[in-house]
Structure formats: C-alpha cells, structure tokens
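Structural description and commentary
The primary structure of each chain is shown beneath.
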Amino acid sequence: MAEFSQSDPRLGRPAAVTPPLRRSGGFDVATLVGLAVAVVMVIGAIVLGGAPESFIDLPSVLIVIGGTVAVTMMSYSIAEVSRAQRAMLKALVHRPADPAVAAEIALTLAEAARERGPMHLQNRLSDLRGRPFLLRSLSIVIDGAPPEEVERTMSSEINATAARHARSAGVLRRASEVAPAMGLIGTLVGLVQMLGNLDDPGTIGPSMAVALLTTFYGALLANLVFAPLASKLERNAAAETLVHQIYLLGALSICRQENPRRLELLVNTVLPPAQRVRYFD
Amino acid sequence: MAEFSQSDPRLGRPAAVTPPLRRSGGFDVATLVGLAVAVVMVIGAIVLGGAPESFIDLPSVLIVIGGTVAVTMMSYSIAEVSRAQRAMLKALVHRPADPAVAAEIALTLAEAARERGPMHLQNRLSDLRGRPFLLRSLSIVIDGAPPEEVERTMSSEINATAARHARSAGVLRRASEVAPAMGLIGTLVGLVQMLGNLDDPGTIGPSMAVALLTTFYGALLANLVFAPLASKLERNAAAETLVHQIYLLGALSICRQENPRRLELLVNTVLPPAQRVRYFD
Amino acid sequence: MAEFSQSDPRLGRPAAVTPPLRRSGGFDVATLVGLAVAVVMVIGAIVLGGAPESFIDLPSVLIVIGGTVAVTMMSYSIAEVSRAQRAMLKALVHRPADPAVAAEIALTLAEAARERGPMHLQNRLSDLRGRPFLLRSLSIVIDGAPPEEVERTMSSEINATAARHARSAGVLRRASEVAPAMGLIGTLVGLVQMLGNLDDPGTIGPSMAVALLTTFYGALLANLVFAPLASKLERNAAAETLVHQIYLLGALSICRQENPRRLELLVNTVLPPAQRVRYFD
Amino acid sequence: MAEFSQSDPRLGRPAAVTPPLRRSGGFDVATLVGLAVAVVMVIGAIVLGGAPESFIDLPSVLIVIGGTVAVTMMSYSIAEVSRAQRAMLKALVHRPADPAVAAEIALTLAEAARERGPMHLQNRLSDLRGRPFLLRSLSIVIDGAPPEEVERTMSSEINATAARHARSAGVLRRASEVAPAMGLIGTLVGLVQMLGNLDDPGTIGPSMAVALLTTFYGALLANLVFAPLASKLERNAAAETLVHQIYLLGALSICRQENPRRLELLVNTVLPPAQRVRYFD
Amino acid sequence: MAEFSQSDPRLGRPAAVTPPLRRSGGFDVATLVGLAVAVVMVIGAIVLGGAPESFIDLPSVLIVIGGTVAVTMMSYSIAEVSRAQRAMLKALVHRPADPAVAAEIALTLAEAARERGPMHLQNRLSDLRGRPFLLRSLSIVIDGAPPEEVERTMSSEINATAARHARSAGVLRRASEVAPAMGLIGTLVGLVQMLGNLDDPGTIGPSMAVALLTTFYGALLANLVFAPLASKLERNAAAETLVHQIYLLGALSICRQENPRRLELLVNTVLPPAQRVRYFD
C-alpha cells in the first residue's frame, strides 16, 4: 500500500479515502435532541399546571405500553419485533453514510481501476470492510461477472435490503397506530367504571382524569416515539439506498471500464446540488 | 436413497435436508403470547378498577360480534370468509417456512442436479411433498420445459397465491373496520334510548356505561383480534412469497444447468445478512 | 352435435359443459343473509332497549337518504348512478362465474379445437351465448387474427370492463362516505336548534336524541349497505376478471394451436389449490 | 362537400356526423339537480326545526368561506385556483363528450380515409373545429408523420391534459379538506370565548350554537360543494381521456391505413356493452 | 453576440430570450396574500367575539410550536429540516419558471443550433447561467454525448431533483400531522389537570379554555401554515419538473439535429392549451 501511494500520489490521497471511512456511521443528534426537547416541553406543561403526580398511574402505563408491545408482537414475529427494536435504537443515534462521501470513494476506486486495471482493486478490498455492499459489488466485478449480472445481482440486494428496512419501519408505524388504540381502550374501561358509579360526584373528576391518562400515554407514545422513529427509519433507509446505488454505479463503471469522468457525471445527477462532487478538476 | 447417500456423502447430507423439512411449519408463539398478554392487560385494568361484571352485556356482545361477522360476510362470499377464518386460525400458531432453510434446500438440489444431471432429481421429488410449490416447479423442469416457461408459469402461480393471501388478509382488515362501526352503531342506539329517558337522573350513568360497552367491544375486537391477525397474514404471505421466489430461483438454476455457486450468490441477495447461507465454503 | 358426441365421447361430455353454464350466475346468499342478520341485530338492540318508536324520524330519514343520493348524483352522472344501483341490486343476489368452471370450459374447447381444428369451434359458439367474453374471443380467433392481436384486443376489453366495474364500486364507496357526512350535518342542525333553546331543560334529552338520529342513520346506511356492497362489487369484479383471463388463456391456446395440457398447467397457476382442475388424468 | 356526398352517399351521412357535434358539450342536469335537492333537504330540516335565523351568522360565514378560499389559494397559484373555479362552474352544467359518438365519428373518418385516401380528410378538418384533439391528431397524420410518432405525440398530450385536469380536481379536493378545518378553527375560537365567560349560564347555549355554526358551514361547503364537484371533475376528465383515446385509435388506424372493421373491433373493447357501436352491419 | 444578431436578425431576437430570463423566479403573491387573509379572518373572529387576550398563552404556544419542531426534527435530519425551512420560505414568495417561457427558450436555441450547428451554442451558454439544468443538458450535448446518454443522464437528474423536492414537502406534510397531535397532547394535559381539581367550579371554564388553546394552535399551525406550504412545494416541484422536461426535449432535439418544428409540436403537447407557443408562424 505504501509502495502504491508512492507510485501514484493521486491515488494514495489518504485524506480522500480515510476521512469518509471515519465519517460514515456518524452520530446523529437530531433524533435525541428532538426527543429531549419534546419531552421537556410536555413535562414543562405538566409541572407548570401543577399536580404532576396526577399524571402517573401504573395500571395505565401497563395497559398502554404492555398492550402496544403485545399487539405489535401479534402482528409480526418475535424476530421482526426485536429487529425493529434494534433498528429503533440505532435510528436514535446513527447517521447514515453520506452520499457525497460514497460518491468520492466510488470515484477514487474507479480512477484507480482505470489506471491500474480492475484486478489491482483486489488489494484495496480490505479497506472496504466497513462498506459490505461496496465490497460485495467489487468482489463480483473482480470475479469477472459481466455488467448485466453485476447490475441484476446487486439491484436485487438493494431491493431486498430496502424491503427489509421498510418492514422494520412498518413495525414502528404499526406500533404508532396501536398505542392510541390501547389508550382509547383504557379510557373506555375507565369511563365505563366511572359511569357505573356516579353516586359520589366528588370522584367523577379524578376518575375521569385517570381514564384520560391512557389516551394521554397513547398519544405520547405514538407521536413522540413510534411515529418519528418510523419516519427516521424510512428516511435512513432511503439514504442507504442512495449510497448503495452510488456504489453500484461505481462498480458498474469499473466493470465496463468506462471513463471515470462519466461516472462523475452520472453520480452528480443523483446528488443534491450542494453535495455534488468535483473530483476531476 | 441409502445407496445414493453412499455414493456421494455430500449429497446425502441428511442433516441438511431433513431438519428444514421438520422446521418448516413451525409453531409461532408471538401471536398467541401477544394476544394473551394484551387480554391480560385489559382484564387486569378492568379488575383493578372494580365491578368487572359491568363489562359484560350480552346484547352488546351480540350486536358487535354478530354485526361484524354479518357485514363482513356481506362484503365477501361465504367461501372467502370461511377461508379467511381458517387463515386466521392458522396465523395464530403457524410460522411460515424459513427462507434460509429454503435457500439451503434449493442449493442442495441444485448441487445434486449439477453433479448427477437434472433427471436424477426425479428420485428426490417424493421428499418434497411438504413443499408443493418446489415440487411443482421441479416437475416442470424435469418435464423439459424451457427456463422462460418455467419462470412465466411459476411466477404466475406466485402472483396468484399472493393475491389470494391478500384477499384473506383483506377480509380481516375489513372486519377490523366494521367492528368499531358496529360499536358506534350500538352506542348510538344506547345514547338515543338514554336521552329519550332523562327523567330519572340515577339511570343516566349506568345507561351510558352500557351504551359505551359496544364501542369498547368494537375497539377490542378490531385492535386485539382482527387488525393484528390481518397484519400477521400479510406478513406470512410476504414470507411465503420470498420462500417461493427462492425455490423458483433454484428451479431456474437447475433448468439452466448453471453453477450452483451463482445460485448461492443470487439467493443471498434476497436473504437478510444474518440469514445468508454459506453452502460452498 | 349428436354425431360429434358419438365420434368422440370425450368431447361430447355434456355433463362437463352444460352444468357450468347453468351454475354460472348462481345465487349468492352471503349478501342477503349478512344484511338480514345485521339488520336483525340492530333492531334487536333497539327493541330490547325499549321505545323503538323513538328511532323513527321522517325528516332525519329524508335528510340522510335524500342528501346522500343527491350528493352522490352530483359526484357522478345520472347514468352512472343508475348503473351503480343496478350493480348494487345485482351484487345482492348474483354470484360471479366460478373460475374452476371457466377453466374446464376453456379446456374442453381447447381439446376440441386441438382434435378437430379451430374451425370446428364455429359450431359450438352458439352454446356460449351466456359467456359473451369467451364468445367474442373465440370469434376473433376463428376470424384468423394472430395471437398478439387477440391478446391485445381482449386484454383491452378486460381492462375497460374492470375500469367500469371499479367506477360502479366507486359510486357506492362515495355514497358510503357521503352518508355519515349527511348524518353529521343533520346532527349539527339539531344541536344548533337545541342549544338555541336551552330554557326548557325537559326538552334537551329528546331534542338531542333526535339530533343523534341522523348520525345513526348515516352510520347504518354507510356500514350496513353502501360499504359492504361496494366491497362486494369490487370482489365480484375481481372474480369476473379472473374468469375472463382464463377464457383469454384458452382462446390464445387455441389460436396458437398449443397442447391443451400446457393450458391446464397455466390455468392451474391462477386457480386456488382447492379449485385446480385435473382435466387430463 | 356536396359533390363528395353525392359520389358516396354512405360517407355523406350528415345525420351521423352532425348530431354528435351537437350532442357533445351537452347539458348535465345531475349536478345542479343533486345540489338543489341536497340544499333543499338541509334547508327543510332547518325550517322544520324552527328558528332558521339562528343558522345565519356573518362572521362564521366569513371565517369559513374566506379562510377556505385563502388557504386553498396559498396551496396553489392564483392561476390554478381560477382555472379550478372555471372547471368547477363548467362541471356544474357541462356533460363530457359521449364515447359512443366519438367512436362513430372516428369510424366515419376512418372509412372515408380508407375509400378515398387519407389526403381526402383535409377537406373535412374544418368540420372538426369543435374537437381540437381529433383535429390535431389528424393534422399530424395528414402531415405524413409515422404512426409511432403520432402515438407518442398524442399520448403525451393525453397524459398532460389528464394531469392538468387532475390538478384542477386536486384544488377542489384540497378545498374540501380545508373547509372543515376552518370550521373546526372557528368552533374552537367560539368555544374558548364561551368557556372564558361561563358566569352567565343563560348565554352558554346560544354561544355554543354560534360556535358550532362554523363546523356546520365547513361540513356543508366540503360535502355539498367541493367534494362532489372534485369527484365530478375527475369523472369528466376520465370520460374525456376515453374520448381522446378513441380519437387517437381512429387517427392511428387512418395513419396505418388499416381496415376500419379492425378499428370498430378495437373501439368496442373500450366502450361499455350498452354503448358499443355497430357501424359495419 | 452583436455580430451574431446582425447576421441573423431572427436568432438575435433579444426580446424573446431576455424577458423570460427576467420573468423566471418571479414573485408569487398567492401564498402571502392567502396567508394574510386567513390570519385576518381568524383574528377578526377572535376580536369580534371579545377577550382576545384569552387566546394568548405562552406555555401553550411553547408546547405546540416547540413540540412540533422537535418531533419533526426527530423524524428527519437537521440538514433536511433546515432545507425544508428554506424551501418553505422560498415557497412563500417564489414563483416557479413559466413552462411557456421555457418552451420558447428551448425553441430559440434549437433553431439557432439547426441553422448554425450545435457547436455554435457554446457561445450562448453564458446566457443560461440562471438555468443550471438547461446549461448542464446543453453542455453534455456539446460534449458530443449520444442522445440516449443525454436522456438517461438528465432524466436521472430530473428524478433525483423531484425526489428531493418531495422530501422537503414531506417534512412540512409531517409537521402538519405533528402539530394537531401536539395540540391534542397539550389539551389532554390541561384536561387531566382541570379534572383533578373540580372542587372550584368557577375555574372549570377558564381551565378548559386554556386546555383547548393548544388544540387551537395546533389546528392553526397545521392548516394555515404547514399543510398549504407543503402543497405549494409539491406544486412548485411539479412545475419545475415540467420546465426541466421541456429543456430536456430541447436538448434532445438539438442532439438529434431534428427539425425544430417537431420540437414545437412535442413541446405543445405538454403545455396547457392557453400557454401553447406558436414559434414558427
């Protein structure tokens, strides 16, 4: 690798290859900060209005959270629910790979392949361990598959991955529908009990307050947790698909031994204007 | 078969073929456990609040359950409703075939066909009685159909099966919309009766409690039974489609007499990373 | 025809051709029974609660039924609304043709054409008067059109028919949205009148009961009549499309002079497992 | 033209060409009658309940109608809103061209072109001024464009026209969502004002009645005006697309110099059974 | 350029090229005027009803606006939210390019290329700096790319741009769903607090009024700000896509060295009738 850098300073460009490798999988503060702010807003409103203790009711918590988890589990398999849980935790902090960085990596590799032949890439595969999709695409190319097969095989993987992500987001989306329904069921239980016992007017208010708590919990769970994380998962999946498409464009360009400038042109059409790469200038 | 195992210990691999056959059609605890937990949560909330007997009202049960079944039957044919009922019961306990197992079976058969010729598969068809789709695909291949015809014929079956599953899920989905509507109708009946009879204030509470019961039943039926089982059916249908696609990939690979390593590559693109098979290493 | 049966007892099979002709257009009890049960449930709940006369209010009936019909008519043309009404009445009792029967008819005709030449079918066209789509498909085939043209022409008809059925179902679907809206409008009228006249508390209950009646009527009309019949129409249209596709497969097979066993294979892929035909065994 | 009629009485058929020209753009009573009936129903319910003057409140009218127009204008451009207004007024009375008539015109022209050559049509173009799409299609054909180009060009126009109609319908659809929202906002304003002023119980009823009026207006506007007219526009657009497709089929048939009987066959596949034309019998 | 105008007065037509350049990016009053009118309507209703100060409650403002921003941020990344904010501000005042003007520019350039060769366009590229998409399309054409590649590359950019715009509109669409949810959560907090403290009946009204304020704010934010601006963004994106398609048609026509009259024909099929250009008459 050292020898390789010496013989061609351009390809060595460690600054171009390494930082992206580090940047990918960055930390995404938007989700955690957003969640924190939203929770603070709600808690602030509760504390300002007084009597925060009246917002805590263990049976209500149980029926909403337990019921939501149970019904969501019914709708899917245990494996999918736990995969969605992992995806949810990952979505809290994980930032998907940057398409501009992916474009630069694809261009670096395409240029190296152009100058030294596709076989030369073999030595660089070990650098790509953190990018399994790119690694797999290039392995097929190096194995000598024709471009049509590379495209069909890796497109099939892009689609299957996107479908899997969609399913994980679907679990959360489903949970965001179940939570208000469980809240409504809990409130109906409370209302029926209160209405059957109207003799003591003094208890009507507090009973009804408790009955409304499950609706409140359901709304919180759905709107502050499940729905935004489902959107986030969908969004991250779309970003990952874009990155994979850029890697596939790069692998195809190498496979067809095209001019990397054509790849730059192609890759720039899918990047937002502000992120377009200018590799060859 | 014994002779066959001896001549080629690799192909015989009983451990590879038999366990999957057993595992397919496994028992799925998620649905039953989820349902049980959700019901326990609701019953717990009712018992904790006291007066559980006030949650049982036979006319309300009749109008919601009877009305939901009747209206759902109106929307479909009797045959479809009973097929959906069977699908619903099956979804409660049945786990769809595992795509990783399907991939391994497809690879085992492809390797056998590669080494001994497609005709050799004839002897193994009887092992596949529990997998009618794979059996039918291989029969067509052995009958000498060209790959395009195998693909068109079996894709048509995959689509038709998926459409049928979608219809069964649709029946439950429809029932999950009808149940709250019947609950609302029951509650409106109760409200009109109560409002026409406001003279005795002591009866307002209990009358309204009874009126709300149909809404409560409708919400339970829709959210704890029909909607999750509809999701489950859709999910199981998607899993079955994936398994069928893997079988079709295998049959096409045998038909085209391709290298099974290519099949492995192809099959792995549609499997989740954790379930990818490594048959040839 | 008699001579024809004698020369080939197989083709004559009157039992195979005639009963289907009779069975098609059968009587579908699901809709009427479902409607009857649902209505009985609601009436039962009303009678059990007492004061059934308080559920009848002519102005409320007028505003909901009249308003729903008027607004639905606004959304479409008079011709479409009356076509949807006929389709609605037909959906109440009519069972669409059975795809398994259609498959058997297609196979019988394909075998006859195979053994005696497509021209021979000319004599049998008169038997098919109850199946205009099949009749038209075969006429084009006998006129000597190439298979591509048969496929394009009849696929265009399948699509146009499906679009027309979708429009009729759309009229009912629209009515099922309009009815609750008219119910809400009626209830708002009643509420505004009641609230402007709160001086006599004794009239509040009955006034509000009457105001709620339009919501009740709207919910009944939408959920017990329009929505299930719209689903039924869509379902019947899907069944008819399937039957037409089977007929088209048959006509194409005759046009291409293919082996009818291939047709059997193809037709079985679109039939549910329990309805698959075994014509050639 | 006179000479032309004489030489071939068939082509001259003035009864076949002229009446359609008159019938197109007919008057559609369904919308106006539907609107009138629905309004009469609502006014009847108001008058029967007494105190019709309590249903008129100028500020409520302003906030709902003004707010709906303003917010709809925000969502689109002024040009689109005014185009949608014109489309709305047109949908009130205008009946789209009849596809059966369009089919007959296409067949008449195709037969004339068949018998006397496409160039002959030049003389008849002036008759088609009321059918700009047909006029433009035939002009391109007469200019000698190949059928593929005729199809691509005119299909592009069909799609663009359909997209424009969809946008106009979308403006009304949007207005039908905005109106209830403005109604809710008005009601919330009224409720907050009433609740802040509970001291005088005598004003609660009337204040709440006024607060509900905006919800009532919003529901009327959405369900009696915007939603049905949006459906009507969509429906008329679908009918116009069908007519344009028939004209395009005719132009293509003339361009390819095909037998007009084939055109009849093709055109009948897209017409409803009751409207099918029998031109050549 | 001066010399160029002299040699061919037609091509020089400064009036045809320059005014469009100025008109593009015009000012769109519909959004601001619509917003102003809607706000005036609501404020008018508040002031007319008296006690406008009771509509201002800082904690309610905080929980709705802060919560909506926070939850929307959770659903996306910070970059996307800020891009959506910029898009929102731009949508307030910016009018997308006029397709008729774009058509005229494309025709002017196509005619110039036709008469003096595509290479001649090089000199005019600097005029197109305000139209980056057209500039890029023509650069590829001048670089000698074949038409298929021009079409594939620039179509990919059109799709990627449309997807980006859709995402920005999606952020606002999401915000318009979150705002009422936060309003509901705030109202539930207020209701629970009020119900726990029913002893003093004098505070019920004002407490409930305050509780309703968050619902009111949520409805205002969603229906007067986020939803209309999301529609506006979608609409502007559709208009921009249309303009880009016209530019692409022009670039392809130049690339294929076709007759510009064909371009006029093609471009007119996608323009609304009132905006069709008559360049060659």
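Residues numbered from 1 in each chain as written. Chains lettered and ligands numbered in written order. Predicted model: local features only at pLDDT ≥ 70, side-chain atom pairs only at ≥ 80, totals over all residues. Heavy atoms only, no water.

1. Some details on the arrangement of the chains
Chain A shows no contact with chain D. Their nearest C-alpha atoms sit 17 Å apart. Across all C-alpha pairs, the smallest distance from chain C to chain E is 17 Å, and the two are not in contact. (Contact = heavy atoms within 4.5 Å.)

2. Some thoughts on the interface of chain A and chain E
Each partner contributes to the interface: chain A provides 44 residues, whereas chain E provides 36 residues. Three residues, A:Met41, A:Arg235 and A:Thr269, lead the burial of chain A against chain E; their summed loss comes to 17% of the area buried on that side. Across the chain A-chain E interface, the total number found is 3 salt bridges. Where A:Arg235 meets E:Glu80, a salt bridge forms, and the shortest distance between an N and an O atom there is 2.1 Å. Counting across the chain A and chain E interface gives 9 residue pairs in polar contact (both at pLDDT 80 or more). Elements supplying a minimum of two residues to the side of chain A that touches chain E: helix 4 (29-49), helix 10 (204-255) and helix 11 (260-270) of chain A. Looking at which element gives the most residues to the side of chain A that touches chain E, the answer is helix 10 of chain A, with 18 residues. Per-class residue counts for the side of chain A that touches chain E are 30 nonpolar, 10 polar and 4 charged. (Buried area = accessible area lost by both parts, 1.4 Å probe. Salt bridge = Lys/Arg side-chain N within 4 Å of Asp/Glu carboxyl O. Polar contact = N/O pair within 3.5 Å; in protein donor to acceptor, adjacent residues only side chain to side chain. Helix = DSSP H or I, 4+ residues; strand = E, 2+ residues; numbered from the N terminus. Nonpolar A, V, L, I, M, F, W, Y, C, P; charged D, E, K, R; others polar.)

3. Here's the deal with the interface of chain E and chain D
With 44 residues of chain E in contact, the opposing surface of chain D contributes 36 residues. For the pair chain E and chain D, the summed buried surface comes to about 3400 Å²; carbon and sulfur atoms form 72% of the total. Of all residues in chain E, the largest losses of buried area upon contact with chain D belong to E:Met41, E:Arg235 and E:Thr269, amounting jointly to 17% of the total for that side. The tally of links from chain E across to chain D stands at 3 salt bridges. Taken together, the connections running from chain E to chain D amount to 10 residue pairs in polar contact (both at pLDDT 80 or more).

4. A look at the packing of aromatic side chains
This model, assessed by the stated rule, comprises 11 aromatic pairs over all chains. Their ring planes at 75° and their centres at 4.8 Å tell us that C:Tyr279 and C:Phe280 sit as a pair that is edge-to-face. Pair check on accessibility: C:Tyr279 and C:Phe280 agree, each one buried. Residues E:Phe216 and E:Tyr217 carry aromatic rings whose centres are separated by 6.1 Å and whose planes lie at 45° to one another, so their mutual orientation is tilted. Each member of the pair E:Phe216 and E:Tyr217 is classed as buried. An aromatic cluster of three or more residues is present, and its members are A:Phe55, A:Phe216 and A:Tyr217. (Phe/Tyr/Trp six-rings, centres within 6.5 Å; stacked < 30°, edge-to-face > 60°. Buried < 20%, exposed > 50% of the residue type's maximum accessible area, 1.4 Å probe, protein only.)

5. Some words on the relation of the copies chain E and chain D
With an RMSD of 0.0 Å, chain E superimposes on chain D once it is rotated by 72° and translated 0.0 Å along the axis. Here the copies are linked by what is in effect a five-fold axis. Taking C-alpha positions as the reference, the residue of chain E nearest the rotation axis is E:Pro201, at 11 Å. (Least-squares fit on C-alpha atoms with pLDDT ≥ 70 in both.)

6. Here's the deal with helix 5 (residues 58-75) of chain C
Compared with an ideal rise of 1.5 Å per residue, which puts 18 residues at 26 Å, helix 5 of chain C spans 25 Å between its outermost C-alpha atoms and is within 8% of the ideal. Turning to helix 5 of chain C, its buried residues are C:Ser60, C:Ile63, C:Val64, C:Gly66, C:Gly67, C:Thr68, C:Ala70, C:Val71, C:Thr72, C:Met73, C:Met74 and C:Ser75. Those residues of helix 5 of chain C hidden inside the fold are in contact with helix 6 (78-93), helix 9 (147-195) and helix 10 (204-255) of chain C together with helix 4 (29-49) and helix 10 (204-255) of chain D. (Expected span 1.5 Å × (residues − 1).)

7. With respect to the environment of C:Ala209
Within the element layout of this structure, C:Ala209 appears in helix 10. Residue C:Ala209 is classed as buried on the basis of its relative accessible area, which comes to 8%. With near-sequence residues (within four places) excluded, C:Ala209 lies in contact with B:Val192, B:Leu195 and B:Gly196.

8. A closer look at the confidence of the model for chain A
All names here are of chain A. In this model, chain A carries an average pLDDT of 85, and 90% of its residues clear a pLDDT of 70 or more. Under a pLDDT of 50 for its full length, residues 1-25 has, in the predicted model, 37 contacts with residues more than four places off or in other chains. If you check the scores for this complex, the pTM reads 0.88 and the ipTM reads 0.84. (pLDDT = per-residue confidence, 0-100.)

9. Section: unusual backbone geometry
All names here are of chain B. Positive phi is not limited to glycine here, since Gln257 has a value of about 55°. Tracing the backbone through its elements, the reader meets Gln257 in the loop between helix 10 (204-255) and helix 11 (260-270). The exposure class of Gln257 is exposed, given its relative accessible area of 54%.

10. Quick word on the packing of helix 5 of chain C against helix 10 of chain D
Direction vectors running N to C along helix 5 of chain C and helix 10 of chain D enclose 35°, while the axes themselves pass 7 Å from each other. Mapping the contact onto sequence places C:Val71, C:Met73, C:Met74 and C:Ser75 in helix 5 of chain C and D:Asn223, D:Leu224, D:Pro228, D:Leu229, D:Ser231, D:Lys232 and D:Arg235 in helix 10 of chain D. Along the lines of polarity and charge, the residues of the contact of helix 5 of chain C with helix 10 of chain D split into 6 nonpolar, 3 polar and 2 charged. (Axes fitted to C-alpha atoms, helices over the stretch in contact; angles between N-to-C directions.)

11. What to know about the pattern of salt bridges
Scanning the model with the defined rule gives 45 salt bridges over all chains in all. Put simply, A:Glu149 and B:Arg262 hold a salt bridge, and the shortest N to O gap is 2.6 Å. Of this pair, A:Glu149 sits in helix 9 (residues 147-195) while B:Arg262 sits in helix 11, on two different chains. The burial state of A:Glu149 is the same as that of B:Arg262; both residues are buried. Connected via shared salt-bridge partners are A:Glu80, A:Arg167 and B:Arg235.

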